[in-house]
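Examination of the molecular architecture
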Amino acid sequence: MTTTERRPIRRALVSVFDKTGIVDLARALHEAGAEIVSTGSTGATIREAGLPVTDVEAVTGFPEMLDGRVKTLHPRVHGGILADQHLASHRDQLAQHEIAPFDLVVVNLYPFEETVEAGGSDAEIIEKIDIGGPSMVRGAAKNHASVAVVVEPEDYADAARAAAEGGFTLEERHELARTAFQRTALYDLAISDWMLDRRLAEEGAQDEPADDQQEPADTWVLDVPHEEAVAAGFSATLRYGENPHQRARLAITDEDEPGLAGAEQLGGKEMSYNNYVDADAAARAAFDHERPAVVVMKHNNPCGVAVAAEGEDIAAAHARAHATDPVSAYGGVIATNRPVTVAMARQIKPVFTEVVLAPAYEDEALELLRTKKNLRILRTEGAPGRGVELREIWGGALVQDVDSLDAAGDDPAGWTLAAGAAADEQTLADLAFAWRAVRAAKSNAILLAKDSAAVGIGMGQVNRLDSCRLAVTRANTLGEHVEGDSAPERARGAVAASDAFFPFADGAQILIDAGVRAIVQPGGSIRDEDVIEACRAAGVTLYLTGTRHFAH
């Protein structure tokens with residue numbers, strides 16, 4: 001920016017609760033020839049330092065009133081802040097009403113957060129909800145083309161420099177405005193948190209998670225560790241985090257593609273922290289598939305996954321996803337990559353479900369789902385992107401690309417046939433489905449599939465052997481809840497996918513003994529030959545992908 005783009009500071013409005021550094025700034029403004037207009041206590045502080053100051057009430061013609069609640073809320077103040085001095089019509093109106101414009105607004109807000117943290121009474125806290133301050137800050141920030149706004153004491157030195165050098169550049173005013181809007185956003189957020197906490201305390205309100213009936217957290221005024229994420233678009237304060245004693249909130253970090261964080265809620269109760277975690281995992285798992293897919297998620301692990309076969313609709317996919325594990329589906333989260341139809345809604349309605357997430361709903365389907373008053377119904381746009389994910393650790397953070405199905409080994413055409421006969425078309429399709437579906441399960445995941453639907457999932461185990469046993473057991477016992485007491489062993493004739501290599505042949509042998517006809521796994525173990533030999537001896541088809549999708 002050149003000096004011609006600077007706007008000289010001829011008149012400044014200064015109103016601060018925290019007086020730290022304000023006298024030095026006022027002195028710099030005075031030496032630069034600026035008139036200083038100020039409110040009661042701020043004006044008194046500046047005047048005591050021997051500097052000239054104009055009281056706001058001399059400008060407005062009204063004294064401070066209502067115990068100080070009304071000081072600056074007047075056209076002679078806000079007209080001077082909001083007038084676009086580039087517009088002749090605005091300059092004419094200022095002249096007509098004898099209003100002088102402001103070039104700088106210096107405001108810091110009442111200490112609401114500090115009063116809450118200090119345990120103030122409701123009356124004390126309410127009196128620290130600033131009205132005039134945020135109004136002046138937002139007005140000046142909006143009109144940063146004409147006015148500079150300073151809300152942080154650490155920016156006073158820059159303001160003093162700018163006054164001496166002929167004012168702030170437009171670029172500098174823009175950055176100050178961004179800081180100002182962030183400050184008022186966080187301020188309003190703290191007020192919202194406190195009011196929610198107050199309401200919950202008065203009503204004795206409780207959430208009703210399926211496995212936890214504790215009281216909500218006592219305190220909901222939450223410090224914001226990632227202010228920039230919140231500044232990008234804070235959305236909601238959540239009742240609590242994973243557990244009732246943990247505080248939580250939701251921030252939109254991508255305004256252009258807000259995804260789940262910006263989903264439209266069409267019905268049901270407020271979303272909880274755990275609802276969002278499960279819904280995100282479910283949506284990502286559903287969109288891993290190109291064909292119409294349904295995922296049932298529980299505790300951040302899939303308990304049902306299926307895609308529609310040729311000629312089937314989304315309701316058929318949901319029926320088979322639910323059949324994977326109908327016991328665990330109770331209290332789960334359902335996500336689909338296609339619109340929810342009436343037929344699918346009819347299947348969902350009898351089962352207690354926390355959340356349904358879809359890109360769209362048929363009108364009658366939405367009407368039917370809304371009859372379940374506690375069912376959270378979300379509509380999202382687009383599909384989950386690749387992006388990056390952050391995990392905080394002690395003293396730092398880890399950042400990585402989000403795992404997605406775009407590695408070379410994710411295409412069956414690139415798989416290596418290591419044992420058995422080449423899979424026929426149906427078997428290969430089931431293997432491809434299983435490979436995509438197993439990515440959604442956590443640590444040492446094993447997924448058994450048949451007819452493009454999961455029939456048994458072993459996950460969350462500290463060794464792959466236990467995951468193999470779990471997948472087989474669930475396949476062979478949970479089928480009774482779907483097909484009756486004489487249900488066949490669903491593992492027999494199924495295919496299997498492993499998210500990482502088998503370290504020993506014993507895990508693969510459990511699958512072989514259960515009747516699995518084909519297996520896909522990354523390979524790469526020093527004992528790969530043992531696994532290959534076990535499959536070869538049993539006549540089981542084995543493919544190696546060279547890619548893994550292990551998830552902690």
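This text follows the structure it describes.
Residues numbered from 1 in each chain as written. Predicted model: local features only at pLDDT ≥ 70, side-chain atom pairs only at ≥ 80, totals over all residues. Heavy atoms only, no water.

Quick look at the overall build of the protein chain
Helix and strand content of the protein chain: 20 helices and 21 strands. The C-alpha radius of gyration of the protein chain comes to 31 Å, more than 25% above the 24 Å expected for a compact globule of 552 residues. C-alpha atoms of the protein chain, sized along the principal axes, occupy 95 × 50 × 45 Å. Out of the 552 residues in the protein chain, the part that is buried amounts to 49%. Within the protein chain, counting contacts between residues at least 6 apart in sequence, those at least 24 apart form 57% of the total. Summing over all exposed atoms, the protein chain offers an accessible surface of approximately 25,900 Å²; the carbon and sulfur share of this is 50%. (Helix = DSSP H or I, 4+ residues; strand = E, 2+ residues; numbered from the N terminus. Rg over C-alpha atoms; globule rule 2.2 N^0.38 Å. Buried < 20%, exposed > 50% of the residue type's maximum accessible area, 1.4 Å probe, protein only. Contact = heavy atoms within 4.5 Å. Areas by Shrake-Rupley, 256 points an atom, 1.4 Å probe, with all protein chains shown as cover.)

So, the sheet that holds strand β1 (residues 11-16)
The sheet built from five strands is open, its strands ordered β3-β2-β1-β4-β5 with parallel pairing. Whereas interior strands pair on both sides, the edge strands pair on one side only; in this sheet they are β3 (54-55) and β5 (148-150). Pairing of strand β2 (residues 35-38) with β3 involves two bridges; the strand directions are parallel. Along β3, the bridge assignment pairs Ser-38 with Asp-55. Packing of helix α8 (residues 132-142) onto the sheet brings it into contact with β1, β4 (104-108) and β5, and relative to β4 it is tilted by some 145°. (Pairing = 2+ DSSP bridges. Axes fitted to C-alpha atoms, helices over the stretch in contact; angles between N-to-C directions.)

Some words on the pairing of strand β19 (residues 495-498)
Residues Val-495 and Ala-497 line one face of β19 and the alternating positions Ala-496 and Ser-498 line the opposite face, and both faces are buried. Sheet topology note: the strand β17 (residues 446-450)/β19 ladder contains four bridges and is antiparallel. By the bridge assignment, Leu-447 is partnered in β19 with Ala-497. With three bridges connecting them, β19 and strand β20 (residues 518-521) associate as parallel partners. Paired with Ala-497 across the two strands is Val-520, which belongs to β20. A crossover links β19 with its parallel partner β20, the connecting element being helix α19 (residues 505-513), and its sense is right-handed. (Right-handed = clockwise from strand over helix to strand, strands pointing away.)

All quantities given are derived from atomic positions and should not be read as evidence of function.
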